[in-house]
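What follows is each chain in one-letter form.
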Amino acid sequence: MRCLLPLLAAAAMLLCGCSTSIVPEPVRPATSEHQLPNRDLVENLRGKWERLKDPKLTDEERRSLVQAYNADLLLLIRRLRYEAYYTDDSTFDDFKRHVDSMHIAIPLDSLGTVYEDLVPAQDVRFENLEEHYAAEGLGVPMVGVVPPAVAEKLSEGSMAPVRTKGTVSTLTAVMVFPERPGNAGPQLRLVTRLTEETCRVGKLEYQLAADFSAPMEVYWRLTFENRKRILGLLRPQKLRDTTGLSSIQPYNPNKIPVILTHGLLSDASTFGQLVNRLYVDPEIRNNFQFWYFNYPTGPAWVYSAMLYRDALEAVRNKVDPKRRNRNWDNMVVVGHSMGGLITRYNQCVEPWKLLIQSGVVDPKKAHELTERYIDHPFDDMKAEVFRRQYFFRPVKAGMVVYLATPHRGAPIASLHIVHALTKLISLPFSVVHEAVNVVTLQRDLFLLHPDEMSHWFTSLDQLSPEGYSIIGLQGLAMRNVPVVSIIGNRGSSRPLAQTSDGLVPFWSSHLNLGEEFIVPHGHSVQEHKDTAEIMKIILHEHLQEHPPMRNLKLPKEPLPLAA
């Protein structure tokens, strides 16, 4: 029977089967052991639900009953998804008529407009994540696939347009049977597992089953980011549609944002293992929401820092336009490698001094420079992008975390082979246009070395210890905010000051402030388990100092956020 088909398939079929190969295809249900039609299967679930209300059950009886209930519900879900996927004449209206005729309730009225597909977590095959974190309990863990069209709703009128391949929700499906007379029909509940831990059955509370890793696995397949790393370095203009902030989960204003910024020749997926390991901690997943800043890594990091600020401003204008949500002011900003330089630069209180300290601008003309760009409104649009890179207010954050960050540059960037590689980088038009404008305005901008302008605009040049931005960054005052540095050490027996993570030496990643932790790993410290354990500790400490605001209004629909 297909009379219960709408319970899970309405969303998947609403867009006429728009599922792709990156989302797991439906599993054909085994029929040899379960020949019951869907209606009878639901009645079996009802019987088990009633038995679960009995407080006299032993622990073993309760565990066995929950497992049997979950097995029946998973079979039903797989049947419905499979039939919906391979039924050509099914439409949302047909599904709705079936639901009405059998008095089946789906509390989420907007199911078809929120989820493109609903995938049982057990059907997700792991290819990217090293660990699989799940929790036993009542219900069937699900991955709710949110389509790009929903995410793009938030892009209207924003500075940084939303261009996303979709996002996911961590869900648990439970078939409940209300006790009220006249309302005895089954209801399929899709519980947002990151906000709810238990489900009431009669007078008893049952822990909900969960799978925290399967949604992340599907998310990284949706993004395709790990296929773009070389492209982001050599042809950054090709990735302009994927630049910006995105969240792996629908936006929740009651959680503190954690913004993760990747480094050179990398992308947001480099944090996949780290976030997967952090989500296993209930206090972290209940209080923090993880965001990713993705950007092409060819342009200089001062330029990418501007894109970061633009994207953050666009998101904040959408979700908190009146700036009343303190969770954003207490956010944790995390940067790996070159992403740490972006993160640090955005915390500088007088970023324009980078031009002076680097020797790019004549110190004797510093007063004239600040007078033009700070003390008076800027009305010359010819160098607007240049101005925005060096004259801005710092990003307000509650804690800064640096992962293997080359604060004093990376000597490897000075090698001849690296200089040769910089010649292959094709910069975006906006960056090239900026270079022309700056040279044209050199007399007004008081540049000392306009002949060196060509080295200003690529990331590799500005990762060298001799790069003007690295030199200028030294000594810049930053906001008074807790700082944590996590530094890699490849196991050398030499004194710490002489060690390296393979790419960045300790003398470059070390800061004379905040806390510092050494991880026995190479440059990709974010992928090491010790880093996740350190992050758990510092996030717990952050919660003690800055508990999140609560009882803020949730969106009517579980919209994802990307910009």
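Computed from a predicted structure; not experimentally measured. (Residues numbered from 1 in each chain as written. Predicted model: local features only at pLDDT ≥ 70, side-chain atom pairs only at ≥ 80, totals over all residues. Heavy atoms only, no water.)

Before going further, it helps to spend a moment on the overall build of the protein chain. Assigned secondary structure in the protein chain consists of 22 helices and 15 strands. Taking all 563 residues of the protein chain together, the buried fraction comes to 58%. Sequence separation of 24 or more characterises 81% of the internal contacts of the protein chain that already satisfy a separation of 6 or more. A total accessible area of about 24400 Å² is found for the protein chain, and carbon and sulfur atoms account for 52% of it. (Helix = DSSP H or I, 4+ residues; strand = E, 2+ residues; numbered from the N terminus. Buried < 20%, exposed > 50% of the residue type's maximum accessible area, 1.4 Å probe, protein only. Contact = heavy atoms within 4.5 Å. Areas by Shrake-Rupley, 256 points an atom, 1.4 Å probe, with all protein chains shown as cover.)

What follows concerns helix α2 (residues 38-51). Taking 1.5 Å per residue as the helical rise, α2 with its 14 residues ought to reach 20 Å, and the 20 Å between its terminal C-alpha atoms agrees with that figure. Listed in full, the buried residues belonging to α2 are N38, L41, V42, L45, K48 and W49. Along the long axis of α2, the arc covered by the buried residues comes to 120 degrees, so they all point the same way. (Expected span 1.5 Å × (residues − 1). Arc of directions from axis to C-beta.)

Below, the discussion takes up the sheet that holds strand β15 (residues 515-519). In space, the 7 strands of this open sheet follow the order β9-β11-β10-β12-β13-β14-β15, with mixed pairing throughout. Of all the strands in the sheet, just β9 (244-247) and β15 have a single pairing partner and so form its edges. Going from strand to strand, the sheet's axes swing by 20 degrees on average, the running direction of each strand aside. Sheet analysis places strand β13 (residues 399-403) next to strand β14 (residues 483-488), joined by 4 bridges and oriented parallel. Across the sheet, the residue bridging to Y402 is S485, located in β14. (Pairing = 2+ DSSP bridges. Axes fitted to C-alpha atoms, helices over the stretch in contact; angles between N-to-C directions.)

Take D123: it is sitting in the loop between β1 (117-120) and β2 (134-135). By relative accessible area, which is 13% here, D123 ends up buried. A distance of 2.6 Å separates a polar atom in the side chain of D123 from a polar atom in the side chain of R78. In contact with D123, other than residues within four places in its own chain, are P24, V27 and R78. (Polar contact = N/O pair within 3.5 Å; in protein donor to acceptor, adjacent residues only side chain to side chain.)

Here we come to the packing of aromatic side chains. Aromatic ring pairs are reported here in terms of the distance separating the ring centres and the angle at which the planes meet. Evaluated as defined, the whole model comprises 14 aromatic pairs. Considering the side-chain rings of Y251 and W291, the 6.2 Å spacing of their centres and the 65 degrees angle between planes classify their relative orientation as edge-to-face. A residue pair is termed long-range when its members are at least 10 positions apart, and Y251 in the loop between β9 and β10 (256-261) and W291 in strand β11 (residues 288-294) qualify at 40 residues. The exposure class assigned to Y251 is buried, which follows from its relative accessible area of 10%. An aromatic cluster is present here, built from W49, Y69 and F177 joined pairwise through their rings. (Phe/Tyr/Trp six-rings, centres within 6.5 Å; stacked < 30°, edge-to-face > 60°.)

In this section: the pattern of salt bridges. For the structure on display, the rule yields 19 salt bridges. Taking the shortest distance from any N to any O, the salt bridge between E196 and R189 comes out at 3.3 Å. Exposure remark for E196: the relative accessible area of 31% places this residue in the partly exposed category. The class of R189 is partly exposed, set by a relative accessible area of 27%. Put simply, E350 and K353 hold a salt bridge, and the shortest N to O gap is 2.8 Å. (Salt bridge = Lys/Arg side-chain N within 4 Å of Asp/Glu carboxyl O.)

For the rest of this paragraph, the subject is the packing of helix α11 (residues 301-319) against helix α13 (residues 338-345). Two quantities define a packed helix pair, namely the angle between the helix axes and the distance between the axes. Two numbers describe how α11 lies on α13: the axes approach to 9 Å, and their chain directions differ by 65 degrees. Here α11 and α13 pass one another in a crossing that is right-handed. Only M338, L341, I342 and Y345 of α13 make contact with α11, whose side of the interface consists of W301, V302, S304, A305, Y308 and R309. A breakdown of the residues in the contact of α11 with α13 according to their chemical character gives 8 nonpolar, 1 polar and 1 charged. (Left-handed = near helix turned anticlockwise from the far one by under 90°. Nonpolar A, V, L, I, M, F, W, Y, C, P; charged D, E, K, R; others polar.)

Most of β11 is tucked away, with 7 of its 7 residues classed as buried. Where burial is concerned, the two faces of β11 agree: the one with F288, F290, Y292 and N294 and the one with Q289, W291 and F293 are both buried. With 4 bridges connecting them, β9 and β11 associate as antiparallel partners. From the neighbouring strand, S247 faces β11, where its bridge partner is W291. Relative to β11, β10 runs parallel, the two being bridged by 6 bridges. Counted as the bridge partner of I256 is F288 from β11.

Glancing now at the confidence of the model for the protein chain. Here the protein chain averages 76 in pLDDT, and 67% of its residues register 70 or above. Within the protein chain, the lowest mean pLDDT, 34, falls on helix α1 (residues 6-14), and the highest, 98, falls on β13. Predicted confidence is poor over residues 88-104, with pLDDT under 50, and the contacts of this stretch with residues over four places away or in other chains come to 26 contacts. (pLDDT = per-residue confidence, 0-100.)

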